Amino acid sequence: MAVERVFDHLRAIATGAKYLFLKPRLTLMYPDEVEDLPRGYRGMITYNHETCISCSLCAMVCPADAIKMYLPKEVPEGEKRPKRYPGINYTRCIFCGFCVSICPTFSLQHSTIHDVSFYTFEEQIFRPEEFAKGPPKPQYDKEPVKVRVIPDEERGLRYERV
Amino acid sequence: MSEFVETISRSEDGRFLELLIGPQHPASGHMRLVAEVDGDVVVSLRPNLGYVHRSVEKIAEVKKFLQIIPLVERPSLADTTANNLAYVLALERLLGVEPPPRAQYLRTLLAEINRIHSHFYGIGIHGVMIGSSTAFMWAFGDREPLIHLAQELTGARITYSYIIPGGVRRDMPPDFPDKVEKVLRYIERRLEDYDKLYVRNPVVRARLEGVGVLKKEDAIRLGITGPNLRASGVPYDVRKADPYCAYPDIDFNVITREEGDAMARFLVRVGEIRESMKIIRQVLKKMPDGPIFAEKYYKMLPPNLKKYYEETKEVKFPGIFANLRAPAGESVARVEGGRGEVVIYIVSKGGMNPYRFRIVTPSFRNAVLFEHLVRNVRVADIPAIYGSLDYFPPEADR
Amino acid sequence: MMDLLDLILQPWIFIPLIFPGLTTAFLVLLGIIWAERKIAAKVQMRYGPLYVLKPLGGAIQMIADLLRYLFAEPIIPKDVDKLTFIFAPLILFGLSYLPTIVLPAGPGFTAISSEMSLLILLGLLTLSPVFTMILAWGSNNKFSLIGGLREGYLVTTYEIPLFLSALSMAVLYGTLDITAMVEAQKNVWGIFLNPLAAIVFLVLILISTSKFPFEIAEAESEIVMGPFTEYSGIFYGLVMGASYLKLYVLSLLYALIFLGGWYPLPSFLQNPPFLAGIMVFVKGLVIMFIAIFMRAIYPRYRIDQAIQIGWHKLVPLAILSIFLSLLVVYLGGV
Ligand code: SF4
Ligand code: SF4
């Protein structure tokens, strides 16, 4: 029993020591390396104003009330019932992607951008006009290396430069 | 030791020190534990719950049915699939839709991936609570490949919102089984190292064996659930007791242990990781072909969306999803999540929101164990027992 | 200029000031904490401190941390006992470093040469835990109080076997003078003559410097930071540094009495004592690395288990090691 315990101690220490010399690191060196996200990743939303039919399904399904339908800033003259278009509030959005899934015209799509920072709350509210310009680009100190994350038998995850 | 404690805990008042552990404490989580200690012995411990109460049930009453999916995921962030699945099962029973078999298998697949990383989460937190930073870092590191898999499947890391009424939101990518197999092999290899460095580490065993023993009768009487129940020798698992999704076709064991101590709870989790890997392999092997979205809703899609779905196997929601109405009635569903049984109960009056919504989470049911187990133990046993319960305050507070 | 150099090279200046005293102790302090984090990180499959001077793997991270401690506002809570709160860390730090003065850096190169240097060193070592307890009491915090009491229990646990196992070596070599003890290991190191004492002493280093698996007084998940809960800024830097200094002192002692000190350095290289000092230092480093490596392996024991290990295992083993020494002496001595 006591001898067994000594071996258990030694085995634990040996296992730890093994990791001292192996190099199986899992860290992704963000922001020097940035994951090249696959299509289908649920990032910030892009919006195509041209194809939008103003059906407002996206606003209706949004669980966080992030999408609202906005009146255009200048209502064209003679328009009795001006069409409303969606704008997004990124302080509320939870990236569930329901709006993208429900949009019948593919006007809403996910981008893979997810790491944008803002200074103020107001900056995060995008009216339809700004929403159509696409999500803001993340700002890195220097251009990051894009890596693809690949499951690996030896190391769990491997990061391969694109 | 217990005799000794009995005599002093009856001594005059004022000799006990009241320790307020949390919410500003490195290992309390989002709650306060009020511990009365006599020297190094905890006389009583009262958990003070509710610090992260977010009123999920009441919010659900003003949300539309589809919008509740992300909502029920929020309380248990490490184990979102269980809540998602339980809710959708209950909703489907109300709506009277049956998802196609492939969707059932995909649901099972995600649920098991989620179970593994939820268990790793619990193991990691438990590790750091008894002082092993390596167990913490390893477990959280090894969660990552599984989260990556789930991300490939669903598009999100934690909050998948993957399971929707009538099916799932997208099919798995073609090379997915390959990647899963790689990750499973990796986890298998790593579990051996866990065994050597952590499980059989004499210090770990000294800290966990015989600590916080939950007797079988007490576990049943108190309504404990999940791995904590199974560690006391009760072979109860909703996947067997009330099978759902693809579980009836899958061959797996319910892991139990007799000891009922912190070590047993931990080992049940490790055993379940192994079982889940078995399940995932079977699911991938038996995965039937076919649609992933119920015929009933598929028919409602306009032709261009139908075409898109056929091509990409990505489900587009029919317009009706925005304002889904459930017929009047009530339904209940239960699911075995990583931490235990999740029960969801919906009452509908035929409108767009549930009339009453009830969610019983496993942590809520296990919270009673704080008072029950942490009595006449050492101060150092508080985190050892706490961690072994895999208790998640936001899940209990909801 | 030459005079100044000569003066510095006088043992009674060199030892307290350069090696093993202040300068080296300070550098070790910076290095060892960095190494601890780095080693733990490696075992845990991550990088550890990296971005402060990236080409060297974040080697000067601790300097950055030191600056942070220096410039952070030291918060003195309203209800603490101010006198003890402020002075206990200073004295604690000073006392942890004080034992270095009796350590020899080379043959005959001592600041205080005494027949009793081992006893002086052990005696000085026992002083610092008292101030840990005092500052815990002065903090007026329940977690600090429990931490201080734990420290107190541990002191009573480790002190006796520590003395016994060190003295068993004194029995073996027939002297209490550390320099003479090293000279006695000219042919065979003490660790081979009395492995029992060596193992017991190594475990006791872990207990007395509060390293894993005996990091009990500061157990973060239980009592926040133990005795040091209320400390911030430079005071926290001091109390944290103190336990590493103690580790440094004990590791050098271990190198001297168990690992043959400056041997196997041939005698013509022993004077001037630079190489000898480096030899001792490197051996001490090895012991320090072992001690900090344990962080990556073990969780912590409970206090009652640690005390049990102390009294039920280490004390008998330490007594046994004395008999082992006597046996070795009887069989032929050193
Ligand atoms: S992703 Fe979800 S939360 Fe965000 S805008 Fe779309 S529906 Fe709303
Ligand atoms: S669902 Fe699509 S088409 Fe309809 S309003 Fe929103 S963005 Fe426009």
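Residues numbered from 1 in each chain as written. Chains lettered and ligands numbered in written order. Predicted model: local features only at pLDDT ≥ 70, side-chain atom pairs only at ≥ 80, totals over all residues. Heavy atoms only, no water.

1. What to know about the overall build of chain A
Then, in step 1: A count of helices and strands for chain A gives four helices and eight strands.
Then, in step 2: Along the chain direction, N to C, the helices and strands of chain A fall in the order α-β-β-α-β-β-α-β-β-α-β-β.
Then, in step 3: Here the C-alpha radius of gyration of chain A, 24 Å, is well above what a compact globule of 162 residues would show, namely 15 Å.
Then, in step 4: Evaluated residue by residue, chain A yields a buried proportion of 44% over its 162 residues.
Then, in step 5: Taking all contacts inside chain A whose residues are at least 6 apart in sequence as the whole, residues at least 24 apart take part in 68%.
Then, in step 6: Accessible surface computed for chain A: about 9,500 Å², of which carbon and sulfur atoms make up 54%.
Then, in step 7: One finds the centroid of the 23 positive side-chain charges in chain A at a distance of 3 Å from the centroid of its 22 negative side-chain charges. (Helix = DSSP H or I, 4+ residues; strand = E, 2+ residues; numbered from the N terminus. Rg over C-alpha atoms; globule rule 2.2 N^0.38 Å. Buried < 20%, exposed > 50% of the residue type's maximum accessible area, 1.4 Å probe, protein only. Contact = heavy atoms within 4.5 Å. Areas by Shrake-Rupley, 256 points an atom, 1.4 Å probe, with all protein chains shown as cover. Lys, Arg positive; Asp, Glu negative; His and termini not counted. Charge placed at Lys NZ, Arg CZ, Asp CG, Glu CD.)

2. Concerning the environment of Ala333 of chain B
Residues and elements named next belong to chain B.
Then, in step 1: Along the chain, Ala333 falls in strand β6 (residues 329-336).
Then, in step 2: Under the relative-accessibility criterion, Ala333 is labelled buried at 2%.
Then, in step 3: Sequence separation between Ala333 and Arg221 is 112 residues, and the spatial gap between their C-alpha atoms is 22 Å.
Then, in step 4: With residues up to four places along the chain from it excluded, the contact list for Ala333 reads Ala86, Leu89, Ala90, Arg93, Val342, Val343 and Ile344.

3. Observations regarding the sheet that holds strand β4 (residues 85-89) of chain A
Residues and elements named next belong to chain A.
Then, in step 1: Across the sheet, three strands lie side by side as β3-β4-β6; this open sheet has antiparallel pairing. Looking at which strands have only one partner, the edges of the open sheet turn out to be β3 (67-70) and β6 (125-126).
Then, in step 2: Of the strand pairs in this sheet, β4 and β6 are connected by two bridges, and their pairing is antiparallel. Counterpart to Asn89 in the pairing with β6 is Ile125. (Pairing = 2+ DSSP bridges.)

4. Brief notes about the interface of chain A and chain B
Then, in step 1: Taken together, the contacts link 42 residues of chain A with 51 residues of chain B.
Then, in step 2: Summed over both sides, the interface of chain A with chain B buries roughly 3,800 Å², with 56% coming from carbon and sulfur.
Then, in step 3: Together, Arg42, Phe98 and Glu153 of chain A form the three largest contributors to the area buried by chain A at its contact with chain B, with a combined 17%.
Then, in step 4: Linking chain A to chain B there are four salt bridges.
Then, in step 5: The residue Arg205 of chain B makes a salt bridge to Asp8 of chain A at a minimum N-O spacing of 3.5 Å.
Then, in step 6: Applying the counting rule to chain A against chain B returns 25 residue pairs in polar contact (both at pLDDT 80 or more).
Then, in step 7: Secondary structure elements with two or more residues in the side of chain A that touches chain B: α1 (2-21), α2 (57-61), α3 (98-102), β7 (145-152) and β8 (156-161) of chain A.
Then, in step 8: With nine residues, α1 of chain A is the largest single contributor of residues to the side of chain A that touches chain B.
Then, in step 9: Of the residues in the side of chain A that touches chain B, the class split is 23 nonpolar, seven polar and twelve charged. (Buried area = accessible area lost by both parts, 1.4 Å probe. Salt bridge = Lys/Arg side-chain N within 4 Å of Asp/Glu carboxyl O. Polar contact = N/O pair within 3.5 Å; in protein donor to acceptor, adjacent residues only side chain to side chain. Nonpolar A, V, L, I, M, F, W, Y, C, P; charged D, E, K, R; others polar.)

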